[in-house]
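As a plain string of letters, each chain reads:
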Amino acid sequence: MSIPANLKYTKDHEWVSLEGDVATVGITHFAQKELGDIVYVEVETLDQTLDRDEVFGTVEAVKTVSDLFLPLSGEIIAFNDALESNPESVNADPYGAGWMIKVKISSPSEVEELLSSEAYKELIGA
């Protein structure tokens, strides 16, 4: 199972890639595998400022719908529009083409509370 060392992770199975004060967020390989075939990704929080752990969207798989939790407080500045026509990108490439949102983070200290790849591996028993 792929768990890139350069990313940060949450206990809710989101990954975070940081570039300055902008975080790119998606769900992990583990999460997409647990969900199964993803058929729809919905994010209605574009241009909104949310607190960490608030729901920023949902991901719908064949068998279930799951909430997506914001890993860092901030303003949602971008949504991966390609997921509207190709939600299966989350299954095929969760750390690349399957990214979901970009967030302009407002509390950089929250980054320190995210999990390292090693800690995430322990969490999922990998």
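Shown above is the structure to which this text applies.
Predicted model, so just to flag it, every value in this text is computed and none were measured.

What counts and how
- Residues numbered from 1 in each chain as written.
- Predicted model: local features only at pLDDT ≥ 70, side-chain atom pairs only at ≥ 80, totals over all residues.
- Heavy atoms only, no water.
- Pairing = 2+ DSSP bridges.
- Helix = DSSP H or I, 4+ residues; strand = E, 2+ residues; numbered from the N terminus.
- Buried < 20%, exposed > 50% of the residue type's maximum accessible area, 1.4 Å probe, protein only.
- Polar contact = N/O pair within 3.5 Å; in protein donor to acceptor, adjacent residues only side chain to side chain.
- Contact = heavy atoms within 4.5 Å.

Engineer: Would you mind showing me how to read the sheet that holds strand E3 (residues 22-27) here?
Structural biologist: Through backbone hydrogen bonds, the strands of a sheet pair up, either in parallel or in antiparallel fashion. Pairing in this open sheet of six strands is antiparallel, and the strands run E1-E2-E3-E9-E8-E5 from one edge to the other. With partners counted over all chains shown, the strands left at the sheet margins are strand E1 (8-9) and strand E5 (49-50), one partner each. Inspection of the sheet shows E3 paired to strand E9 (residues 101-105) by four bridges, in the antiparallel sense. Each bridged residue has a counterpart across the sheet, and for Ala23 the counterpart in E9 is Val103.

Engineer: Looking at this structure, how should I read the side chain of Asn91?
Structural biologist: Relative to the elements of secondary structure, Asn91 occurs in helix H3 (residues 89-92). A relative accessible area of 18% places Asn91 in the buried class. At 2.7 Å, the side chain of Asn91 forms a polar contact with the side chain of Gln32. In contact with Asn91, other than residues within four places in its own chain, are Gln32, Gly36, Asp37 and Ile38.

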